[in-house]
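# Structure assessment
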Amino acid sequence: MYVHGDYNLLSEIHEKIKNDSLESKVVASLYIVIYQDTKGFKILMEEIEKHKLSYTFAEGREYTKEEINTAEFFTVEIMYPWERDGMNAEKFGTEYELDCNYCHCGKQQVSELRIDKKKMKKYDIITIQPEIIVTERLCNLILDHNLTGCEFGPVVDYKGRDELILYQLKPTHILPNMNDKIRVEVVEDIRCKKCQRNGMILRSEAIYDRESLKGACDFNLTQEYFGINLYCKRILVVSAKIYHLFQKNRIKRIHFEPISII
């Protein structure tokens, strides 16, 4: 978290909570890494409310090996090597039809995927938001294990280079809505007034009713869109079969997080 305000006030708050923090310091703002279930976090939030301080935060969760190994489904984050440049597939010539003329979220791809294939040389799987690209090796691995919920399409290099064979992985199954116990931050200044997609940020783990997962495939997309602008997309949800297959075959640079089933 970064908490903004008067230096002396932030220093006083820091003294109250520093023993419960993993890392903290006061420079222009109060920077702190802290677990949510500590006394220090409770004090911090009370001080923020009391003094009406502004703050920004990012959060994550930690899991035991047992929780990872027994999880039934995972949400997935895939490496986005064009992130620094803010590039998307449209800029390489991929064609889309707009679903929302206001925020451009939810656009539908209507041509083969065109990218700069050179970016793929270090990876087995990457994304160029929101499309997913895999190597021939990974495509064959998925097909050989009869994994469900996806199909494949061609990937064309925008300069016509064809030495690297790649495929677009297209999830075909969309899950029902998540359980309403998820925590969502709504960024009102960003949220699209027309489609309501853009500007919704998932702050908790994904949470599903068990009944909602009865028809789930190995590859799935969430019903909901989460994220802002270029990052507004449906989240990929995969089965434990995929997690263990990827681990066994050393498919790297992909982050799995267990979902909660209630």
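Residues numbered from 1 in each chain as written. Predicted model: local features only at pLDDT ≥ 70, side-chain atom pairs only at ≥ 80, totals over all residues. Heavy atoms only, no water.

When helices and strands are tallied, the protein chain shows 5 helices and 19 strands. Considered along the principal axes of its C-alpha atoms, the protein chain spans approximately 60 × 40 × 35 Å. Across the 262 residues in the protein chain, those meeting the buried criterion constitute 45%. Long-range pairs, those at least 24 residues apart, make up 64% of the contacts in the protein chain with a sequence separation of at least 6. Computed over 38 positive and 41 negative side-chain charges, the separation of the two mean positions in the protein chain equals 3 Å. (Helix = DSSP H or I, 4+ residues; strand = E, 2+ residues; numbered from the N terminus. Buried < 20%, exposed > 50% of the residue type's maximum accessible area, 1.4 Å probe, protein only. Contact = heavy atoms within 4.5 Å. Lys, Arg positive; Asp, Glu negative; His and termini not counted. Charge placed at Lys NZ, Arg CZ, Asp CG, Glu CD.)

The next thing to look at is the pairing of strand 3 (residues 30-34). Regular strands have side chains that alternate between both faces of the sheet. Counted residue by residue, strand 3 has 4 buried out of 5 residues, so it is predominantly covered. Direction of pairing for strand 1 (residues 2-4) relative to strand 3: antiparallel, over a ladder of 2 bridges. Counted as the bridge partner of valine 3 is leucine 30 from strand 3. Taking the residues that link successive antiparallel strands as the turn, the strand 2 (residues 21-26)-strand 3 hairpin has 3 residues. (Pairing = 2+ DSSP bridges.)

Taken together, the 4 strands give an open sheet; going across it, the order is 2-3-1-4, and neighbouring strands pair in antiparallel fashion. Here the strands that pair on one side only, and so sit at the sheet edges, are strand 2 and strand 4 (54-56). For this sheet, the mean inter-axis angle between neighbouring strands, taken without regard to orientation, is 20°. When strand 1 meets strand 4, the two strands line up antiparallel, connected through 3 bridges. Bridging across to strand 4, tyrosine 2 finds its partner in threonine 56. Sheet strands in contact with helix 1 (residues 7-17) are strand 1, strand 2 and strand 3, and its direction is about 160° off that of strand 2. Here helix 2 (residues 39-51) sits on the sheet and contacts strand 1, strand 3 and strand 4; the angle it forms with strand 3, its principal contact strand, is near 145°. (Axes fitted to C-alpha atoms, helices over the stretch in contact; angles between N-to-C directions.)

A few words now on the nonpolar core. By size, the foremost hydrophobic cluster in this structure holds 27 residues, and its most contacted members are Phe219 and Phe256. At 5 residues, helix 5 (residues 240-248) tops the list of elements feeding residues into this core. Beyond its immediate chain neighbours, meaning those up to four positions away, phenylalanine 219 contacts Ile142, Leu147, Thr148, Gly149, Cys150, Leu169, His173, Leu236, Val237, Val238 and Ile242. (Core = buried A, V, L, I, M, F, W, Y, C linked by side-chain atoms within 4.5 Å.)

Let's shift gears to helix 1. Residues Leu9, Leu10, Ile13, His14 and Ile17 constitute the buried set of helix 1. An end-on view of helix 1 places all buried positions within 140° of arc, on one side of the element. Seen from the buried face of helix 1, the exposed residues on the opposite side, beyond 90 degrees, are Asn8 and Glu12. Each element contacted by the buried residues of helix 1 is listed here: strand 1, strand 2, strand 3 and helix 2. For helix 1, the capping residue at the N-terminal end is aspartate 6, with a side-chain oxygen 3.1 Å from the backbone nitrogen of asparagine 8. (Arc of directions from axis to C-beta. Polar contact = N/O pair within 3.5 Å; in protein donor to acceptor, adjacent residues only side chain to side chain.)

The final tally for this structure, using the stated rule, is 13 salt bridges. Three or more residues are tied together by salt bridges with common partners; here these are Glu59, Arg61, Arg183 and Glu257. (Salt bridge = Lys/Arg side-chain N within 4 Å of Asp/Glu carboxyl O.)

Remark: helix 1 packs on helix 2, axes separated minimally by 9 Å, with the N-to-C direction vectors making an angle of 155°. Relative to helix 2, helix 1 is oriented roughly antiparallel. Seen from above, helix 1 lies across helix 2 with right-handed handedness. Judged by residue contacts, Leu9, Ile13, Lys16 and Ile17 of helix 1 engage Gly40, Ile43, Leu44, Glu47 and His51 from helix 2. Looking at the contact of helix 1 with helix 2, its residues break down into 5 nonpolar, 2 polar and 2 charged. (Parallel < 35°, antiparallel > 145°, perpendicular 65-115°, else oblique. Left-handed = near helix turned anticlockwise from the far one by under 90°. Nonpolar A, V, L, I, M, F, W, Y, C, P; charged D, E, K, R; others polar.)

What follows covers helix 2. In a regular helix each residue adds 1.5 Å, so 13 residues correspond to 18 Å; helix 2 covers 18 Å between its end C-alpha atoms and thus fits that length. Residues of helix 2 that are buried: Gly40, Phe41, Ile43, Leu44, Glu47 and Ile48. For helix 2, the buried positions fall inside an angular range of 160° around the axis, keeping them on one side. Within helix 2, the exposed residues directed more than 90 degrees away from the buried face are Lys39, Lys42, Glu49 and Lys50. Those residues of helix 2 hidden inside the fold are in contact with strand 1, helix 1, strand 3 and strand 4. Just downstream of helix 2, lysine 52 is the residue with a positive phi angle, here 55°. (Expected span 1.5 Å × (residues − 1).)

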